[in-house]
Amino acid sequence: MNDKLYKRLEIFGGAVVFAIASLLHFIYNLTGESILGALFGAVNESVWEHLKVFAIAYISWAIIELLWARPPLRKFVWGKALGLYFLCISIAVFFYLYTPLVGKPILILDILASLFFSFLAHFVSYKVTLFKENRGQNFYTGIMMIFLALIMILSFTYYPPKTPLFKDNSTGLYGIVSSSPKSIPTFSEPSEVFL
């Protein structure tokens, strides 16, 4: 492993992930509300869809780090899994703690918090990966955590649970919110599949 390169990739990772997530936020509309745009981009303004784009950006950057710096795979996977969950949970917890206090979301605060937690998630993954007690014994747990995150990412856009995390507060809707009448079906009711 190239230690210096890996450290640099982790340091820059916070900014890169934030930039990728920012692009992914608009990819659904930029692709004409395509299926790929729905899978990888934010389809509404719910907290979940913002977490989704950050998770996709984080996992994408992790793959680049793995291929470029070649850190020890087993230790790296556990570190990245913890960093991923730390990132998503921190953003959500921060949002749900501050919005009741001020009465509404503040865009600049959300942006700054997301950037901060992106850097912090990379710090967590870096420290866990290089921690001397981490001998890769949690490799399979890390794989399962990342796999679970990917399953949720791919599923909840189309089948969102009816909870506040998945609700677009600007429209009151869940899942895919289309600006055009020819939208991607969410299949919320079985009969829609056959119409």
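Residues numbered from 1 in each chain as written. Predicted model: local features only at pLDDT ≥ 70, side-chain atom pairs only at ≥ 80, totals over all residues. Heavy atoms only, no water.

What follows is about the environment of Lys162. Take Lys162: it is sitting in the loop between helix H6 (139-156) and strand E1 (167-168). C-alpha separation for the pair Lys162 and Leu173, spaced eleven residues apart in sequence, amounts to 9.2 Å. (Helix = DSSP H or I, 4+ residues; strand = E, 2+ residues; numbered from the N terminus.)

On to the side chain of Thr157. Within the element layout of this structure, Thr157 appears in the loop between H6 and E1. Classification of Thr157 as buried rests on a relative accessible area of 1%. Separated by 3.1 Å, the side chains of Thr157 and Glu49 make a polar contact. Here the side chain of Thr157 touches Lys52 through a polar contact of 2.7 Å, side chain to side chain. (Buried < 20%, exposed > 50% of the residue type's maximum accessible area, 1.4 Å probe, protein only. Polar contact = N/O pair within 3.5 Å; in protein donor to acceptor, adjacent residues only side chain to side chain.)

Here we come to a nonpolar patch on the surface. Taken together, the side chains of Leu101, Val102, Ile106, Leu107, Ile108, Leu109, Ile111 and Leu112 present a nonpolar region at the surface, about 750 Å² in accessible area. Elements represented by at least two residues in the nonpolar patch include exactly helix H4 (73-102) and helix H5 (107-130). When residues in the nonpolar patch are grouped by element, the largest group, five residues, is from H5. For Ile108, the position within the fold is in helix H5. (Patch = residues over 30% accessible without salt bridge, like charges linked within 9 Å, V, L, I, M, F, W, Y side chains within 5 Å. Areas by Shrake-Rupley, 256 points an atom, 1.4 Å probe, with all protein chains shown as cover. Salt bridge = Lys/Arg side-chain N within 4 Å of Asp/Glu carboxyl O.)

Moving on, we get to the confidence of the model for the protein chain. Chain-level statistics for the protein chain give a pLDDT mean of 87 and a share of 90% at 70 or above. Predicted confidence is poor over residues 181-195, with pLDDT under 50, and the contacts of this stretch with residues over four places away or in other chains come to 15 contacts. (pLDDT = per-residue confidence, 0-100. Contact = heavy atoms within 4.5 Å.)

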